[in-house]
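Fold and contact review
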Amino acid sequence: MKNNQPAPGKALRWFDPRHRQPGTWAFILNRITALGLTLYLALHLIMLGKLAQGPDAYDTFIALAKTPWIKVGELLVISAGLIHGLNGIRIALTSFGIGVTVQRQLFWGFLTLALLGTVIFGYFMFFVH
Amino acid sequence: MTEGHWHVTFCIYRKKGDQPPFYQDFPLEVDPDEYVLDGIERIWAFHDRSLTFRHACHHSTCGACGMLVNGVEKLTCITPIRAVTKNGGTIRVEPLRNFPVLSDLVVDMAEFYLRMEQAHALQVVPVAQSTLPYEPPPFPDDGLPHQRLNDCIECGMCVSACPIALTASSYQGPAALAATQQTYSLTGEKSLLSLVDCADGVWRCHSGFECTAVCPSNVDPAWRIMELRRQVIRHRIQRIFHQDR
Ligand code: SF4
Ligand code: FES
């Protein structure tokens, strides 16, 4: 008879940003970036495994790593790291009562910093190196 | 149509017994300064007497009329129609989230009230000792113990908005944690801290801050949860140094 109850299977609804406010957007971003970074770590370890397969396999991998698509992927990793890390600082602070009343401003401030960092890294990756 | 009146459609969540839920449209002519609850009452009075919903005071004191209005938790008795739709628009009304639906817009709050009781939620609090995150209004210095009705009206909207309460039925929830913080601050009851110092208590919150965003009554549950964490940690440290058992 009863519905509308909490259920672990409803976790996908965490990612619905509609009718939510910055606190939840930060919550969503943190989860997406965490999943992205975990996936990257797995790929990174697989790629490192290539080292053990001799110089040829390694050279092929390095050639692949220099392609623009992989570079874009790397920039996304940097961006995810910045967003996750800076928002992590916000959560650590507010979790112990510091800056709770300005948590929205902290979110926008740290997000701006993360995007700025992404632009700077992107500039160096694509135009300098 | 009367001048100044709007045509709006109330799209209402319906559910009875084991029947699957559905949405039913009720077109109404309304004064945009009427409240959403006025519209729901008119539907019940003139269109469908089987519609069930909760309300009592009509002035944001009893906490009974919390519903989901266009996806956001609102006390329908103080939510003007013009704040949630426009002329010709739709108002989707659904029961609170994260509570079992009993019938239409009525949810089962039994467990919620039980948790408030476990938190020793107070009905009134002394003004002088209140730990509100804002300046209380000045009271005459007449030596009398001025008290105020507690801010929390037990509407359950914070639990409805909480993304963690969506997935974890065992989570104590923002209202009960906020009540614990307030009662502990006023009474120093140590047993309350052990009640919340667990995986389903104060550490379960993932900082969505939705509770504070929807709370209609200045409780600021998110702030109180963070404050309660500080109190729990302080107590733990004191125990390490045997200052407090
Ligand atoms: S804390 Fe606020 S939103 Fe939650 S039950 Fe109390 S009054 Fe309602
Ligand atoms: S009817 Fe009492 S709070 Fe809305």
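This structure is a prediction, so every number in the text was calculated from the model and none was measured.

Describing the layout of surface pockets
To find leftover empty space, a probe the size of one water molecule is rolled over the atoms. For the largest pocket, the calculated volume is near 650 Å³. Sorting the residues of the lining of the largest pocket by element identifies α1 (22-49), α2 (55-65) and α3 (68-95) of chain A as the ones contributing at least two each. Taken together, the residues of the lining of the largest pocket break down into 18 nonpolar, 5 polar and 1 charged. Within this model, the second largest pocket holds a volume of roughly 560 Å³. For the second largest pocket, the lining is made up of 22 residues, of which Arg13 of chain A together with Leu68, Gly71, Glu94 and Arg97 of chain B are closest to its centre. Residue composition of the lining of the second largest pocket, grouped by class: 8 nonpolar, 6 polar and 8 charged. When residues of the lining of the second largest pocket are assigned to domains, at least three fall in each of domain 1 (6-107) and domain 2 (110-121 + 146-240) of chain B.

Some thoughts on the site of ligand 1
Residue and element names in this part refer to chain B. The immediate surroundings of ligand 1 are formed by 13 residues, with Cys152, Cys155, Gly156, Cys158 and Cys215 found nearest. Here ligand 1 is seated within the second largest cavity. Partitioning the shell around ligand 1 into residue classes produces 10 nonpolar, 2 polar and 1 charged.

Observations concerning the interface of chain A and chain B
Counting from both sides, the interface comprises 28 residues of chain A and, opposite them, 37 residues of chain B. Along the contact surface separating chain A from chain B lie 1 salt bridge. At the boundary of chain A and chain B, one finds 17 residue pairs in polar contact (both at pLDDT 80 or more). Where the side of chain A that touches chain B is concerned, the elements lending two or more residues are α1, α3 and α4 (103-128) of chain A. Class assignment for the residues of the side of chain A that touches chain B results in 10 nonpolar, 11 polar and 7 charged.

Thresholds applied
Residues numbered from 1 in each chain as written. Chains lettered and ligands numbered in written order. Predicted model: local features only at pLDDT ≥ 70, side-chain atom pairs only at ≥ 80, totals over all residues. Heavy atoms only, no water. 1 Å grid on protein atoms, 1.4 Å probe; cavity = no way out; pocket = protein on both sides within 12 Å on 5 of 7 lines; lining within 4 Å. Points joined across faces, edges and corners; volume = space filled by probe spheres on them. Helix = DSSP H or I, 4+ residues; strand = E, 2+ residues; numbered from the N terminus. Nonpolar A, V, L, I, M, F, W, Y, C, P; charged D, E, K, R; others polar. Domains from an automatic or database assignment. Near = heavy atom within 4 Å. Sits in = over half its atoms within 2 Å of the grid points. Contact = heavy atoms within 4.5 Å. Salt bridge = Lys/Arg side-chain N within 4 Å of Asp/Glu carboxyl O. Polar contact = N/O pair within 3.5 Å; in protein donor to acceptor, adjacent residues only side chain to side chain.

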